[in-house]
Amino acid sequence: MTTAGNVIKCRAVVAWGPQQPVVIEEIEVAPPEASEVRIKIVATSLCHSDLYCISKVVDKEFFPIVLGHEAAGLVESVGPEVTEFQPGDKVIPLYIPQCGECRFCKSPKTNQCDVIWTRMASKDVALANSRFTCKGKKLRQFMGTSTFSEYTVAHQMAVAKIDPAAPLDKVCLLGCGVCTGYGAAINTAKVEPGSTCAVFGLGAVGLAAVMGCKAAGAKRIIVVDINPDKFEKAKMFGATEFVNPKDHTKPITQVLIEMTGGGVDYSLECVGDVECMRSALESCVKGWGVSVIVGLTDMHDVATRPLQLTSGRTWTGCLFGGFKSKDAVPEMVKAYLEKKVKLDEFITHNMTFDQITEAFELLRQGKCIRAVLSVCPE
């Protein structure tokens, strides 16, 4: 029996309010409207951004919501005016859209798109565009994706069609974390061959940043983390030296400056902590050091002394690793299939959709890099 054109009842993970446990509920997913695609989610993984939303966000208007933004699936049906996709296509939903028409999309200087600040970032507009309801109440869709659901609806400008040979339970990681860290090194920092880099934080994003530094030809890649259990994993991605701040009485900035004879050429902060961001910047060499803020937080201001910047350092940040999403994600999938990019090595846990609460706890405790949840069979 075809589901196209009909409301689909399915399971989804709903966050009903700030700092409340998520609950698996039966929801209704409306058919796609004009320029929209309805996707059956085959696999989704957990990102720290999802954990951040359920543990840190206190704005009640943000809820109820279906989170999730790192996934892969199959097109179930398409709405009017959709020509790029057809049922059965393998796809990755994109939380950074690419409309191709706005001044940001037309500029080679950024991967951002006007749509993310209008259709998605506006609370009222985002709620109006949601195709989810539960118990008679409309649910918000997180960043236009909401992949913690067996079915979701996304605008076609926020969906990438990928190689049909791609294993969805692996390439789902390209929906956020791996592209974010890898691109931060390649696209934003523009790491150069023979350079010295420092990566702060060894979650999935940090490990992807290490992989990006190696791909760019960095000679030294120093990783900084308070969990020594992650150091062997980092070596697999290209790390050359390891620093645990707990092993030193000196500030980590001073440790890195002494290790490198004045500071690193590039630093990437992949934690989402403002003190760590400052340390990453001040660990860079004067004159040309570049520090990239990759980690997510909106809880505190970030600050440094002006001299740290007037002495020639550059402090910048990026979303989704600076990748133009619809163009880049299929290329990253191709790179994985050609064994130029690692994905399997990020996955520490393969779990079922019903185990999402357990998966969140593993992430909270720092016991997993990426947990991939099997949602619907292909």
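None of these values were measured; they are calculated from a predicted model.

Enquirer: Could you clarify how one ought to interpret the nonpolar core in this entry?
Expert: As a rule of thumb, soluble globular proteins bury nonpolar side chains together. Formed by 66 residues in total, the largest nonpolar core has its most connected members in V171, L268 and F346. The next biggest cluster of nonpolar side chains, apart from the first, holds 49 residues, and it includes I65, V66, F353 and V375.

Enquirer: How should I be thinking about the sheet that holds strand β14 (residues 266–269) in this particular structure?
Expert: The pairing of strands in a sheet comes from backbone hydrogen bonds and takes either a parallel or an antiparallel form. On the basis of which strands lie adjacent, the open sheet formed by six strands has the order β13-β12-β11-β14-β15-β16 and parallel pairing. Every interior strand has two partners, whereas the edge strands, β13 (241–243) and β16 (314–317), have only one. Neighbour to neighbour, the strand axes of the sheet diverge by 20° on average, direction disregarded. Bridge analysis of strand β11 (residues 196–200) against β14 gives four bridges, and the strand direction is parallel. By the bridge assignment, F200 is partnered in β14 with E269. Against the sheet, helix α5 (residues 177–189) makes contact with β14, β15 (290–293) and β16, and its axis sits at roughly 135° relative to β15, the strand it touches most. Packing against the sheet, helix α8 (residues 252–260) makes contact with β11, β12 (220–224) and β13, and its axis sits at approximately 160° to β12.

Enquirer: Would you mind going over the side chain of E70 with me for this structure?
Expert: Here E70 lies in the loop between β4 (65–66) and β5 (71–78). Within the structure, the side chain of E70 is placed 2.7 Å from the backbone nitrogen of G177, a separation counted as a polar contact.

Enquirer: Whenever I open this one, the sheet that holds β4 confuses me. Can you help?
Expert: Strand order in the closed barrel made by the five strands is β1-β2-β7-β8-β4, with mixed pairing throughout. By the bridge criterion, two bridges tie strand β1 (residues 8–15) to β4 in an arrangement that is antiparallel. Bridge pairing in β4 places V14 opposite V66.

Reading the values: the criteria
Residues numbered from 1 in each chain as written. Predicted model: local features only at pLDDT ≥ 70, side-chain atom pairs only at ≥ 80, totals over all residues. Heavy atoms only, no water. Core = buried A, V, L, I, M, F, W, Y, C linked by side-chain atoms within 4.5 Å. Buried < 20%, exposed > 50% of the residue type's maximum accessible area, 1.4 Å probe, protein only. Pairing = 2+ DSSP bridges. Helix = DSSP H or I, 4+ residues; strand = E, 2+ residues; numbered from the N terminus. Axes fitted to C-alpha atoms, helices over the stretch in contact; angles between N-to-C directions. Contact = heavy atoms within 4.5 Å. Polar contact = N/O pair within 3.5 Å; in protein donor to acceptor, adjacent residues only side chain to side chain.

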